[in-house]
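Structural characterization, general
Below are the chains, spelled out letter by letter.
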Amino acid sequence: MDQFLKKCEDSVLAGDADTAFALASEAIGGEIDILQVIESGFVSGIREVGRLWEEGEYFLPELVMGAEAVKKALSVLEPALAGQELSREVRGVGVIGTVQGDIHDIGKTLVGTMLSASGFEVYDLGTDVSPARFISEAEAREADFIGASALLTTTMPGQRALIEMLAQKGCREDFLVVVGGAPCSEDWAESIGAAGYATDAVAAVELIGRLLDGKGGRTP
Ligand code: B1M
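These numbers come from a predicted model, not from an experiment. (Residues numbered from 1 in each chain as written. Predicted model: local features only at pLDDT ≥ 70, side-chain atom pairs only at ≥ 80, totals over all residues. Heavy atoms only, no water.)

1. Digging into the coordination of the cobalt atom of the ligand
- A lone protein donor contacts the cobalt atom of the ligand, and this donor is His 104 (NE2), found at 2.3 Å.
- Structurally, His 104 can be placed in the loop between β1 (92-98) and α5 (106-117). (Donors = N, O, S within 2.8 Å, 3.2 Å for Na, K, Ca; no water. Helix = DSSP H or I, 4+ residues; strand = E, 2+ residues; numbered from the N terminus.)

2. A word on the pattern of salt bridges
- What the rule picks out here adds up to 9 salt bridges.
- Where Asp 18 meets Lys 72, a salt bridge forms, and the shortest distance between an N and an O atom there is 3.9 Å. In this pair, Asp 18 sits in helix α2 (residues 17-29) while Lys 72 sits in helix α4 (residues 60-82), placing the two residues 54 residues apart along the sequence.
- Classification of Lys 72 by relative accessible area gives partly exposed; the value is 34%.
- One salt bridge in this structure joins Lys 71 and Asp 105, with 2.8 Å as the shortest N-O distance. Note that Lys 71 is positioned in helix α4 and Asp 105 in the loop between β1 and α5, a separation of 34 residues in sequence.
- Lys 71 gets classed as partly exposed once you look at its relative accessible area, which sits at 40%.
- One continuous salt-bridge network, built from bridges that share partners, spans Glu 48, Arg 51 and Glu 55. (Salt bridge = Lys/Arg side-chain N within 4 Å of Asp/Glu carboxyl O. Buried < 20%, exposed > 50% of the residue type's maximum accessible area, 1.4 Å probe, protein only.)

3. Observations concerning the confidence of the model for the chain
- Of the residues in the chain, 95% reach a pLDDT of 70 or more, and the chain-wide mean stands at 93.
- Per-residue pLDDT stays below 50 along residues 216-220; that stretch engages in 13 contacts with residues further than four places along the chain or on separate chains. (pLDDT = per-residue confidence, 0-100. Contact = heavy atoms within 4.5 Å.)

4. So, the nonpolar core
- With 46 residues, the main nonpolar core has Val 37, Ile 38, Phe 42, Val 70, Leu 77, Leu 115 and Phe 120 as its most contacted residues.
- For this core, the secondary structure elements donating two or more residues are α1 (2-13), α2, α3 (34-54), α4, α5, β2 (120-124), β4 (176-180) and α9 (201-212).
- Examining the composition of this core, we find that 9 residues originate from one element, α3, more than from any other.
- Formed jointly, this core draws a minimum of three residues from each of two domains, domain 1 (2-83) and domain 2 (92-215).
- Beyond its immediate sequence surroundings of up to four residues, Phe 120 is in contact with Arg 91, Gly 92, Leu 115, Phe 145, Val 205, Ile 208, Gly 209 and Leu 212.
- Grouped together as the second largest cluster of nonpolar side chains are 26 residues, Val 93, Val 95, Ala 148 and Ala 189 included. (Core = buried A, V, L, I, M, F, W, Y, C linked by side-chain atoms within 4.5 Å. Domains from an automatic or database assignment.)

5. A word on the site of the ligand
- Near the ligand you find 35 residues, and of these Ile 103, His 104, Asp 105, Ser 149 and Thr 153 are the closest.
- Interatomic distance of 3.1 Å between a side-chain N/O atom of Arg 47 and an oxygen atom of the ligand.
- At 3.5 Å, a side-chain N or O of Asp 102 approaches an oxygen atom of the ligand.
- Contributions of two or more residues to the shell around the ligand are made by α3, α4, α5, β3 (145-149) and β4.
- Of the residues contributing to the shell around the ligand, the split by class is 18 nonpolar, 10 polar and 7 charged.
- When residues of the shell around the ligand are assigned to domains, at least three map to each of domain 1 (2-83) and domain 2 (92-215). (Near = heavy atom within 4 Å. Polar contact = N/O pair within 3.5 Å; in protein donor to acceptor, adjacent residues only side chain to side chain. Nonpolar A, V, L, I, M, F, W, Y, C, P; charged D, E, K, R; others polar.)

6. Regarding the environment of Ala 117
- Residue position: Ala 117 is located in helix α5.
- C-alpha of Ala 117 to C-alpha of Ile 96: the two residues are 21 residues apart in sequence and 15 Å apart in space.

7. Quick notes on the packing of α2 against α3
- At a closest axis distance of 10 Å, the pairing of α2 and α3 adopts a crossing angle of 155°. Taken together, the axes of α2 and α3 lie roughly antiparallel to each other. Crossing angle aside, the handedness with which α2 passes α3 is right-handed. Counted together, Ala 20, Leu 23, Ala 24, Ala 27 and Ile 28 of α2 and Ile 34, Val 37 and Phe 42 of α3 form the full contact between these two elements.
- Across the contact of α2 with α3, the residue classes tally to 8 nonpolar, no polar and no charged. (Axes fitted to C-alpha atoms, helices over the stretch in contact; angles between N-to-C directions. Parallel < 35°, antiparallel > 145°, perpendicular 65-115°, else oblique. Left-handed = near helix turned anticlockwise from the far one by under 90°.)

8. Here we look at the pairing of β4
- Most of β4 sits inside the fold, with 5 of its 5 residues counted as buried.
- Along β4, one buried face is formed by Leu 176, Val 178 and Gly 180 and the opposite face, lined by Val 177 and Val 179, is buried too.
- Alignment of β3 against β4, held across 5 bridges, turns out to be parallel. The residue of β4 that forms the bridge with Ser 149 is Gly 180.
- For the crossover from β3 across helix α7 (residues 157-168) to β4, the handedness is right-handed.
- Pairing of β4 with strand β5 (residues 196-197), which is carried by 2 bridges, proceeds in the parallel orientation. Along β5, the bridge assignment pairs Val 179 with Tyr 197. (Pairing = 2+ DSSP bridges. Right-handed = clockwise from strand over helix to strand, strands pointing away.)

Take a look at the structure:
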């Protein structure tokens, strides 16, 4: 198992999308937990790519190729994850997207997939989503929650802008705003008045479920 996960990680480090795709396809037929293959194999690989990039060992092409390898693997793994149907009841409706100016979508898509598999009706708005669009889509879908992902320190303020615009429009109480993404934290979420912060896709499912059950989280 560990060896298989290492191969998944290595395929991302090598930016080898074909091998990543082949390994992901192999995982589908096997006994391996799909979420573990995603998190401890492919996601672990792309985080290592990010670290090497930060240290100046990798350059932008390696970053792009690593991301492409993960996306190719997820094109097989995410439908399988979504098909697991971890819950049959509709537990709530939400819109999710990556904030304006930010095109990172791997983590956001994973969160959306896990939420869908866990019984939430989720509308994925993609990347580079403005506060106005988050709000108009949430209103149109009669959403219970808005999930805003940010991967850059420079785009995190987009999460605050969303909450501020909700307040300006007088609909702050209508939606729970949940934030996430690598540079975010519990403190950041609290400082901007978000309902909650989740570190990963599993935590996001738990958090949103708990908030919608009215069992915890900050009041808006
Ligand atoms: Co970029 N990038 N990138 N990048 N990139 C980071 C984020 C960076 C930390 C790399 C580094 O320096 N080590 C750095 C940001 C530094 C900072 O702001 N402090 C960075 C930079 C600088 C940039 C560019 C500016 C580079 C440039 O052009 N010079 C540029 C910006 C483009 C833009 O957005 N405008 C850029 C571009 C890119 C690529 C396009 C090449 C590619 C993205 C491809 C894509 O997404 N389609 C890319 C990648 C791959 C990364 C790293 C290496 C990996 C991101 C990722 O996919 N992680 C990243 C380094 C890192 O994060 N360690 C980096 C895997 C993913 C599953 O994790 O997204 O964290 P993550 O999601 C997790 C949790 O955070 C959480 O759950 C997910 C699942 O567990 N989560 C949520 C996420 N959203 C959530 C929402 C929730 C709840 C939980 O509720 C709503």
